[in-house]
Amino acid sequence: MDAEELKKEGNKAFSNKEFKKAAKLYRDAIKLDPKNPVLYSNRAMCFIKLESWKRSFLDCEKGLVYAGKEQKSLRVKLFWRKGIALTKLEDYNLALDSYNDALKLDGENRVVLNEQKALKLKILSNSAKKLKTEPYNDEIQELSVKIVGTLPYDLQKLVYNNTKKSTKVLNEFQQNI
């Protein structure tokens, strides 16, 4: 079989939710056509389904090396998949960068926008938890301000109002000690 036939077989296995088999077929196709970015993208998605985050990330990186500027939709997929892998690897800053790179190519992509929004909320939630235990951590506060600034206005207002209330309660508590 040639690389194209292996890719088709991989696509069929993926459709049947046979992700391990599909990944092996894409691997074999890559051996025959090592500069084909679609093969890396497809295998990266298999690895996401198999929850093999590092392997997915590495395939996205390799695919981005070979994907030309004219392959915009493929590059969006690769950046999106890279963002998912990095999120699962808990490298939130790089994941956010990856989603931003995808949105530079397709700013209206709802799937990427939703992933980016979910990640921003996760970062804020994690920051809020850390602030409860480390209220004067400048790094966390700086990151929180950066993230809040990218949220829609109504969410910014909600975060601001809750922060104001929390600060007021904290100040009252400190005064009563």
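I will try to describe carefully the structure that is included in this document. (Residues numbered from 1 in each chain as written. Predicted model: local features only at pLDDT ≥ 70, side-chain atom pairs only at ≥ 80, totals over all residues. Heavy atoms only, no water.)

**What to know about the packing of helix α3 (residues 37-49) against helix α4 (residues 53-66)**
Contact geometry of α3 with α4 gives a least axis separation of 8 Å together with a crossing angle of 165°. Taken as axis vectors, α3 and α4 run roughly antiparallel relative to one another. Like other packed secondary-structure pairs, α3 and α4 cross with a definite hand, here left-handed. Facing Pro37, Tyr40, Arg43, Ala44, Phe47 and Ile48 of α3, the residues of α4 in contact are Trp53, Arg55, Ser56, Asp59, Cys60, Lys62, Gly63 and Tyr66. (Axes fitted to C-alpha atoms, helices over the stretch in contact; angles between N-to-C directions. Helix = DSSP H or I, 4+ residues; strand = E, 2+ residues; numbered from the N terminus. Parallel < 35°, antiparallel > 145°, perpendicular 65-115°, else oblique. Left-handed = near helix turned anticlockwise from the far one by under 90°. Contact = heavy atoms within 4.5 Å.)

**Here's the deal with the packing of aromatic side chains**
Per the counting criterion, the structure on display carries 2 aromatic pairs. Consider the rings of Phe14 and Phe19, whose centres lie 5.0 Å apart with planes at 65°: the pair is edge-to-face. Of the residues examined, Phe14 reaches a relative accessible area of 23% and is grouped as partly exposed. Centroid distance Tyr40 to Tyr66: 6.0 Å. Interplanar angle 25°. Geometry classified as stacked. Taken as a pair, Tyr40 in helix α3 and Tyr66 in helix α4 lie far apart in primary sequence, 26 residues in all. For Tyr40, a relative accessible area of 5% corresponds to the buried category. (Phe/Tyr/Trp six-rings, centres within 6.5 Å; stacked < 30°, edge-to-face > 60°. Buried < 20%, exposed > 50% of the residue type's maximum accessible area, 1.4 Å probe, protein only.)

**Describing unusual backbone geometry**
The phi dihedral of Lys17 is positive, around 60°, even though this residue is not glycine. Assignment of secondary structure puts Lys17 in the loop between α1 (3-15) and α2 (19-32). The backbone of Glu90 sits at a positive phi, close to 60°, despite the residue not being glycine. As for its placement among the helices and strands, Glu90 is situated in the loop between α5 (72-88) and α6 (92-105). Residue classification places Glu90 among the exposed positions, given a relative accessible area of 58%.

**A short note on the pattern of salt bridges**
One pass over the structure, following the stated rule, counts 5 salt bridges. Arg27 is the salt-bridge partner of Asp28, the closest N and O atoms lying 3.1 Å from each other. Assessed through its relative accessible area of 35%, Arg27 is described here as partly exposed. Between Lys104 and Asp101 there is a salt bridge whose closest N-O contact spans 3.6 Å. With Lys104 and Asp101 both in helix α6, this residue pair falls 3 residues apart, about one helical turn. (Salt bridge = Lys/Arg side-chain N within 4 Å of Asp/Glu carboxyl O.)

**So, the nonpolar core**
Judged by nonpolar contacts, the single largest core of 25 residues is most densely connected at Leu78, Trp80, Ile84, Tyr99, Val112 and Leu119. Counting only elements with at least two residues in this core, the list comes to α3, α4, α5, α6 and α7 (110-133). For this core, the element with the highest residue contribution is α5, accounting for 8 residues. If sequence neighbours within four positions are ignored, Leu78 has contacts with Ser41, Asp59, Cys60, Gly63, Leu64 and Ala67. (Core = buried A, V, L, I, M, F, W, Y, C linked by side-chain atoms within 4.5 Å.)

**Comments concerning α1**
Its 13 residues place the ends of α1 18 Å apart at the C-alpha level, agreeing with the 18 Å of an ideal helix rising 1.5 Å per residue. What α1 keeps buried is the set Ala3, Leu6, Lys7, Gly10 and Ala13. Take α1 and look down its axis: the buried residues cluster within an arc of 120°, on one side only. Across from the buried face of α1, at angles greater than 90 degrees, the exposed residues are Lys8, Lys12 and Ser15. The elements touched by buried residues of α1 are α2 and α3. Put simply, Asp2 is the residue that caps the front of α1, since its side-chain oxygen is 3.3 Å from the backbone nitrogen of Glu4. Within two residues after α1, Lys17 carries a phi angle of roughly 60°, on the positive side. (Expected span 1.5 Å × (residues − 1). Arc of directions from axis to C-beta. Polar contact = N/O pair within 3.5 Å; in protein donor to acceptor, adjacent residues only side chain to side chain.)

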